[in-house]
Amino acid sequence: MVFEGLAGKLQDTIKRLRGQGRVTEKDVKEMMREIKLALLEADVNFKVVKDFINKVSERAVGKDVMESLTPGQQVIKIVHEELIELMGKTQSKVSFASNPPTIYMMVGLQGSGKTTTSGKLANLLRKQGKNPLLVACDVYRPAAIKQLQVVGEQLNIPVFAMDDKTDPVVIAKNAVDYAKKKLHDLIIIDTAGRLHINEELMEELANIKKTVKPHEILLVVDSMTGQDAVNVAESFNEKLGVDGIVLTKLDGDTRGGAALSVKAVTGKPIKFAGMGEKLSELEPFYPDRMASRILGMGDVLSLIEKAQEAFDEKKAIELEKKIRSMQFTLEDYLDQIQQLKKMGPLNQVLGMLPGFDKKALQGVELDEKQMVHVEAIIKSMTKRERINPSIIDASRKRRIAAGSGTTIQDINKLLKGFEEMKKMFKSVSEMSKKGGKGLGKFKMPF
Amino acid sequence: MGFFEKLKEGLQKTRKGITERIDKVLVSFGKIDEDLFEELEEILITSDIGLETTTRIIEDIKAKVKENKITDPTAIKGLLKEELMKLTEGESSLKLDTTPSVIVIIGVNGVGKTTSIGKIANLLKNQGKKVVLAAADTFRAAAIDQLEIWAKRADVELIKHSEGSDPAAVIFDAIQSAKAKKADVLICDTAGRLHTKKNLMEELKKVFRIIDRELPGASRENLLVLDATTGQNALSQAKTFGEVVDLSGIVLTKLDGTAKGGIVIAVKSELNVPIKLVGVGEGMDDLQNFNSKEFVEALFD
């Protein structure tokens, strides 16, 4: 989790301060030092940190905080608010040309993830009804054109390419003509990675810009970048005029301070976040949620959205009825597993919950393979067996084990777990009849 | 232009960054006090050296100042240089004694693994060694093609399967080929993977198991490639990859940008993984053995 522990550290500082009656200016200074160190450790640029600390401490020495009974929380609240302020209050979307085709140009350092992101972006916007064309303008890196072509093939999105002897400016120009002929309303130009201090190559980008007049220039930034992120973002923005930022590799354990840095120095919004290797794993960037994650408050909103996407509401109501009337069967259980799978990797889902920090999760074995096994076992049962597992005798077990490629022990484990779950449901629904609340300690048998 | 000049040029920005600021700070302070150290601390942190290592450096300098009763702020620079040199020192040559020896290149996505392999292959070839490459990045689109082009450039042999095949199988075949052809060095490319992806790290373990089994006793270099622009996450990368395999060294790439590359100092100091090779450009020859003296000299000139 990004910046995990800052909230905890502040709490510690506060704890030490307890018993002093009230928080003094010196205490606030100490808290600010904690925040400063945490942000620096998170790779936020030091100039950005300085400004940020000044802003926060100005507010923190205010009367509200000093006299508050929970000064720690007050400070966290201020930090949270200022973080949101710094990262942009609302989610920014890409814009489209009123007169198509819309042209996006992807730029950035080597290895930041431009080619993959180009593919992901084309895929995402196609879902919104666009007809994208990918353009391979990286003529320098060996096999870069091929890479984009393979990505295009995987997505079934056409790729415009010429050979690597052609001037990228010419490729871009021809691509636009081609797109107009073929009625593509969206063009995504993948350019070669380059150092922001390489004048010659920066000039090339400026020429592409001049020739095709892209609607938006998107700077792709690796979220693991350190202090240098500011220099990179500043140079690209100065020389080209960046319209938005795409943050990549956010699915790692980086603290992602680069996000804060680039936003602060360019003033340009972060529009998307790359969350994985699959070509579907590009998400809109939500500054407020990122701020919550930074403080270890969990990304509850994202989770809710994911759940809504994956869960069928009607089915949920039906399920609740079944649980209440104790008609929950293995069939329903299978349904549940499949819905859970739709939400994405369990680690990711749990990582979004408040109170779960990723480090702790690393120790926990969230064996998704086991979920696959459970699915296979249930699928190898007959309908009757799923509705009434008590009929499953030794011979049936042997058949199911053979059919699902598991062992009889696995089946026993599943059946036992399922029975326990049913018992728990029973006690829970009895409890709620008596006015109790919630499912309590809900444990799935896998 | 010699390599030293290139490194210097590459580090120009770094040098300007660190030394100019240090000079400014040292000159502006009339005496050595806490504020001065705080400024120094900030400067080191902003070079991506990291909090823990920075604190250690500052503590050491403080101790020396006290011990030697130093009062002149400008003397701090020499101390800092000494300290950084001490921290980055280590054996940087590759240990490739057996025939074949094995180099495995690992790292997160986009750090420059494939390019580094091309350069290392060229380096060894020029030393008269017979090199075989294994294209075990079967995941990323066109990674195999990319390595193939490098293999042609360096004029070395490449063993490959199709995209999406089992990397361990590629390695296995490459080992057999290297044995049969009596190659001196086998260099294995692997797919970039975030160190937090458990299943991908398992896949990597399998690759290492194959090498252990097929080439017991062979000289091994397990090199982690780090991008100089990377911040503190590089520590986490080195730690996690280090749990899967004994890292024998770091390849630091992209030092020709404005990135300060200070993170290698942190990695060396906190995890004791030596820096072995440094990449300072896109050319075939822009990769050389790391030299701590040159590195720090170039920083301070």
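### Some points on the overall build of chain A
Right, on to step 1. The number of helices and strands found in chain A is 21 helices and 8 strands.
Right, on to step 2. Residue burial in chain A is summarised as follows: out of 446 residues, 52% are buried.
Right, on to step 3. Taking the intrachain contacts of chain A between residues at least 6 apart in sequence as the baseline, contacts between residues at least 24 apart amount to 73%.

### Comments concerning the overall build of chain B
Right, on to step 1. Within chain B one finds 11 helices and 8 strands.
Right, on to step 2. Computed over its C-alpha atoms, the radius of gyration of chain B comes to 21 Å, within 12% of the 19 Å expected for a compact globule of 301 residues.
Right, on to step 3. Projected onto its principal axes, the C-alpha coordinates of chain B cover approximately 70 × 40 × 35 Å.
Right, on to step 4. Looking at chain B as a whole, 61% of its 301 residues are labelled buried.
Right, on to step 5. Looking at chain B as shown, the accessible area adds up to about 11500 Å², and 49% of this sits on carbon and sulfur atoms.
Right, on to step 6. Here chain B holds 43 positive side-chain charges and 48 negative ones, and the gap between their average locations is 3 Å.

### With respect to the environment of Glu34 of chain B
Residues and elements named next belong to chain B.
Right, on to step 1. Mapped onto the elements of the fold, Glu34 is located in helix α2 (residues 34–45).
Right, on to step 2. On the basis of relative accessibility, which here comes to 49%, the residue Glu34 falls in the partly exposed class.
Right, on to step 3. Between the C-alpha atom of Glu34 and that of Lys62, which follows or precedes it by 28 residues, the distance is 9.7 Å.

### A short note on the packing of aromatic side chains
Right, on to step 1. Evaluation of the coordinates by the stated rule reveals 2 aromatic pairs over all chains.
Right, on to step 2. Residues Phe96 of chain A and Tyr104 of chain A carry aromatic rings whose centres are separated by 6.4 Å and whose planes lie at 40° to one another, so their mutual orientation is tilted.
Right, on to step 3. On the basis of relative accessible area, Tyr104 of chain A is assigned to the buried category, the value being 0%.
Right, on to step 4. A centroid spacing of 5.2 Å and a plane angle of 45° characterise the contact between Phe160 of chain A and Tyr178 of chain A, whose relative ring orientation is tilted. With Phe160 of chain A in strand β3 (residues 159–160) and Tyr178 of chain A in helix α8 (residues 168–181), this pair connects stretches of sequence that are 18 residues apart.
Right, on to step 5. Directly above the aromatic system of Phe96 of chain A lies the positively charged group of Lys130 of chain A, at a separation of 4.1 Å from the ring centroid.
Right, on to step 6. The aromatic ring of Trp150 of chain B is capped on one face by Arg153 of chain B, whose charged end is 4.7 Å from the ring centroid.

### As for unusual backbone geometry
Right, on to step 1. Across the junction of Pro100 of chain A and Pro101 of chain A, the peptide omega takes the value 5°, indicating a cis bond.
Right, on to step 2. Looking at where Pro101 of chain A falls in the secondary structure, it is placed in the loop between α5 (71–87) and β1 (102–108).
Right, on to step 3. Pro100 of chain B follows Thr99 of chain B through a cis peptide bond whose omega is -5°.
Right, on to step 4. Within the element layout of this structure, Pro100 of chain B appears in the loop between α4 (76–88) and β1 (101–106).
Right, on to step 5. In this structure, Leu183 of chain A is a non-glycine residue whose phi angle is positive, near 60°.
Right, on to step 6. Following the sequence through the fold, Leu183 of chain A ends up in the loop between α8 and β4 (186–191).
Right, on to step 7. Phi is positive for Asp48 of chain B, close to 70°, though the residue is something other than glycine.
Right, on to step 8. Here Asp48 of chain B shows up in the loop between α2 and α3 (51–67).

### Overview of the nonpolar core
Right, on to step 1. Core analysis: the biggest nonpolar cluster contains 101 residues, and Ile76, Ile103, Ile106, Ile120, Leu133, Ile171 and Ile187 of chain B have the highest contact counts within it.
Right, on to step 2. Each residue touching Leu133 of chain B, except ones within four places of it in the same chain, is listed here: Ile117, Ala121, Leu147, Ala151, Val156, Glu157, Leu158, Ile159, Leu186 and Ile187 of chain B.

### So, the confidence of the model for chain A
Residues and elements named next belong to chain A.
Right, on to step 1. Of the residues in chain A, 74% reach a pLDDT of 70 or more, and the chain-wide mean stands at 80.
Right, on to step 2. With pLDDT under 50 throughout, residues 354–365 is counted as low confidence; its partners more than four residues away or in other chains account for 16 contacts.
Right, on to step 3. Note on residues 434–446: pLDDT under 50 across the span, and 21 contacts to partners over four residues away in sequence or across chains.

### Description of the pattern of salt bridges
Residues and elements named next belong to chain B.
Right, on to step 1. Within this structure, the stated rule accounts for 34 salt bridges over all chains.
Right, on to step 2. Residue Lys206 pairs with Asp166 through a salt bridge whose shortest N-O separation is 2.9 Å. Residue Lys206 is located in helix α8 (residues 198–214), and its partner Asp166 is located in the loop between β3 (157–159) and α7 (167–180); the two are separated by 40 residues in the primary sequence.
Right, on to step 3. Since its relative accessible area comes to 34%, Lys206 is described here as partly exposed.
Right, on to step 4. Judged by relative accessible area, Asp166 falls into the partly exposed class, the value being 33%.

### Structural notes on the packing of α4 of chain B against helix α10 (residues 263–271) of chain B
The axes of two packed helices give the description: the angle between them and the distance between them.
Residues and elements named next belong to chain B.
Right, on to step 1. Remark: α4 packs on α10, axes separated minimally by 8 Å, with the N-to-C direction vectors making an angle of 60°. The handedness of the crossing between α4 and α10 is left-handed. Between α4, through Leu84, Leu87 and Thr88, and α10, the contact on the second element is made entirely by Ile265, Lys268 and Ser269.
Right, on to step 2. Of the residues contributing to the contact of α4 with α10, the split by class is 3 nonpolar, 2 polar and 1 charged.

### A few points about the sheet that holds strand β7 (residues 275–279) of chain B
Residue and element names in this part refer to chain B.
Right, on to step 1. Sheet architecture is open: 8 strands sit in the order β3-β2-β4-β1-β5-β6-β7-β8, paired in mixed fashion. Since the sheet does not close on itself, it has two edges, and those belong to β3 and β8 (287–289), each with one partner. Shown here is a sheet whose adjacent strand axes are inclined to one another by a mean of 25°, direction ignored.
Right, on to step 2. Sheet topology places strand β6 (residues 249–253) next to β7; 3 bridges connect them, and they run parallel. Its bridge partner lying in β7, Leu252 is registered against Val278.

### Digging into the pairing of strand β7 (residues 270–274) of chain A
Residues and elements named next belong to chain A.
Right, on to step 1. Counting buried positions over the 5 residues of β7 gives 5, a clear majority of the element.
Right, on to step 2. Pairing of strand β6 (residues 244–248) with β7, which is carried by 3 bridges, proceeds in the parallel orientation. Directly across from Ile245, in β7, lies its bridge partner Ile270.
Right, on to step 3. Note that the unit made of β6, helix α11 (residues 257–266) and β7 has a crossover that is right-handed.
Right, on to step 4. Judged from the 3 bridges that link them, β7 and strand β8 (residues 282–284) form a sheet pairing that is antiparallel. If you follow Ala273 over to β8, its bridge partner there is Glu283.

### Digging into the interface of chain A and chain B
Right, on to step 1. Facing the 37 residues of chain A at the interface are 45 residues of chain B.
Right, on to step 2. In total, about 3400 Å² of surface goes out of reach between chain A and chain B, with carbon and sulfur atoms giving 54% of it.
Right, on to step 3. Summed over the three residues of chain A that lose the most area to chain B, namely Pro142, Met224 and Glu277 of chain A, the buried surface amounts to 19% of that side.
Right, on to step 4. The interface formed by chain A and chain B includes 3 salt bridges.
Right, on to step 5. Linking Lys197 of chain B and Asp251 of chain A is a salt bridge whose minimum nitrogen-to-oxygen distance equals 2.4 Å.

### Structural notes on the sheet that holds strand β5 (residues 216–222) of chain A
All names here are of chain A.
Right, on to step 1. Taken in spatial order, the 8 strands line up as β3-β2-β4-β1-β5-β6-β7-β8 in an open sheet, and their pairing is mixed. With partners counted over all chains shown, the strands left at the sheet margins are β3 and β8, one partner each.
Right, on to step 2. By the bridge criterion, 5 bridges tie β1 to β5 in an arrangement that is parallel. Within the sheet, the bridge partner assigned to Met106 lies in β5 and is Leu218.

Rules of the game
- Residues numbered from 1 in each chain as written.
- Chains lettered and ligands numbered in written order.
- Predicted model: local features only at pLDDT ≥ 70, side-chain atom pairs only at ≥ 80, totals over all residues.
- Heavy atoms only, no water.
- Helix = DSSP H or I, 4+ residues; strand = E, 2+ residues; numbered from the N terminus.
- Buried < 20%, exposed > 50% of the residue type's maximum accessible area, 1.4 Å probe, protein only.
- Contact = heavy atoms within 4.5 Å.
- Rg over C-alpha atoms; globule rule 2.2 N^0.38 Å.
- Areas by Shrake-Rupley, 256 points an atom, 1.4 Å probe, with all protein chains shown as cover.
- Lys, Arg positive; Asp, Glu negative; His and termini not counted.
- Charge placed at Lys NZ, Arg CZ, Asp CG, Glu CD.
- Phe/Tyr/Trp six-rings, centres within 6.5 Å; stacked < 30°, edge-to-face > 60°.
- Lys NZ or Arg CZ within 6 Å of the ring centre and 35° of its normal.
- Core = buried A, V, L, I, M, F, W, Y, C linked by side-chain atoms within 4.5 Å.
- pLDDT = per-residue confidence, 0-100.
- Salt bridge = Lys/Arg side-chain N within 4 Å of Asp/Glu carboxyl O.
- Axes fitted to C-alpha atoms, helices over the stretch in contact; angles between N-to-C directions.
- Left-handed = near helix turned anticlockwise from the far one by under 90°.
- Nonpolar A, V, L, I, M, F, W, Y, C, P; charged D, E, K, R; others polar.
- Pairing = 2+ DSSP bridges.
- Right-handed = clockwise from strand over helix to strand, strands pointing away.
- Buried area = accessible area lost by both parts, 1.4 Å probe.

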